[in-house]
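# Commentary on secondary and tertiary structure
Letter by letter, the chains look like this.
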Amino acid sequence: MDPANLTNNIVTDQNPKSGSDKIFALVGKIIIAIFLTGGIAYGGFYLGTHYGKIPPPPQNVSPTITPLMPTITTTPTTMTSKKVSAGTKTQFFTPYTIEIPSGWTDTHTSNTASNDLIITKGAYTLTISQAAGGGGSCIFAGEPEPMAQVFLDFVGITGISGEFRRGTNDGANYTVCEKKPSGYGFPTSFGYITYSTPKGTNQALLTEMDGMVATLSK
């Protein structure tokens, strides 16, 4: 046999074998890489779904007070009314005028102890009393403070002469407090203002009473 042909045959036989080994090695590496990538991805997903969710910390729940009626702001409204002058000048109070809607009756009483205006319509009574007595601050739900009259519910009244709040604890007896530099307090500069109404108050009549307070003017 020719030595050249023998050499060619040896080379021809070795090349295919070397190529197959390389292909199998490459495929093996690819398969291993796929398994590794899949394992890492699954591990990340598992950790993310089982350990990544941190429950929120518990929140403190504060007790709430349900008001007896919605809090609103009342302003003077246009209505058929008469303007009434009442009150007197004292160390604490001042003369005033108030507009009283038709259908309401006003009664004036005055003596050395007090000067009172009582406005009524059926069982509904609004009283403005200029009399000697104690005063204090008015605190409403959510504003606890010692040595004060606390009301569970109130309605804001924007008046000609200032800001007022009508507070109640039972939905039948109301005290009107006036905004002062130190907060809301009673009596007002016009006197002790109170409402007396039946249970199951007629909201329309209560709004008329608020409207009268809103018209108070010195």
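Anything mentioned here points back to the structure above.
This report concerns the structure included in the present document. If you're wondering where the values come from, they're calculated on a predicted model, not measured in any experiment. (Residues numbered from 1 in each chain as written. Predicted model: local features only at pLDDT ≥ 70, side-chain atom pairs only at ≥ 80, totals over all residues. Heavy atoms only, no water.)

### Quick look at unusual backbone geometry
- A cis amide bond links Phe186 to the next residue, Pro187, at an omega of 0°.
- Looking at the element boundaries, Pro187 is found in the loop between β12 (183-186) and β13 (192-196). (Helix = DSSP H or I, 4+ residues; strand = E, 2+ residues; numbered from the N terminus.)

### Examining the nonpolar core
- In this structure, Ile98, Leu126, Tyr195 and Val213 are the most contacted members of the largest nonpolar core, which totals 25 residues.
- Apart from residues lying up to four places away in sequence, Tyr195 is in contact with Thr125, Leu126, Ile157, Arg166, Ala172, Asn173, Tyr174, Val176, Leu206, Met209, Asp210 and Val213.
- The next biggest cluster of nonpolar side chains, apart from the first, holds 6 residues, and it includes Cys138, Phe154, Cys177 and Tyr184. (Core = buried A, V, L, I, M, F, W, Y, C linked by side-chain atoms within 4.5 Å. Buried < 20%, exposed > 50% of the residue type's maximum accessible area, 1.4 Å probe, protein only. Contact = heavy atoms within 4.5 Å.)

### Considering the packing of aromatic side chains
- The final tally for this structure, using the stated rule, is 8 aromatic pairs.
- Ring geometry for Tyr96 and Phe190: centres 6.0 Å apart, planes at 80°, overall edge-to-face. In this pair, Tyr96 is assigned in strand β3 (residues 96-101) and Phe190 in the loop between β12 and β13, connecting sequence segments 94 residues apart. Here Tyr96 matches Phe190 in class, with each residue buried.
- Three or more aromatic residues joined by ring pairs make a cluster, and in this case those are Phe140, Phe151, Phe154 and Tyr184. (Phe/Tyr/Trp six-rings, centres within 6.5 Å; stacked < 30°, edge-to-face > 60°.)

### Brief notes about the environment of Tyr124
- By the secondary structure assignment, Tyr124 is in strand β6 (residues 124-131).
- Between the alpha carbons of Tyr124 and Tyr195 there is a distance of 7.4 Å; along the sequence they are 71 residues apart.
- At a separation of 2.8 Å, a polar atom in the side chain of Tyr124 contacts the main-chain amide nitrogen of Asn202. (Polar contact = N/O pair within 3.5 Å; in protein donor to acceptor, adjacent residues only side chain to side chain.)

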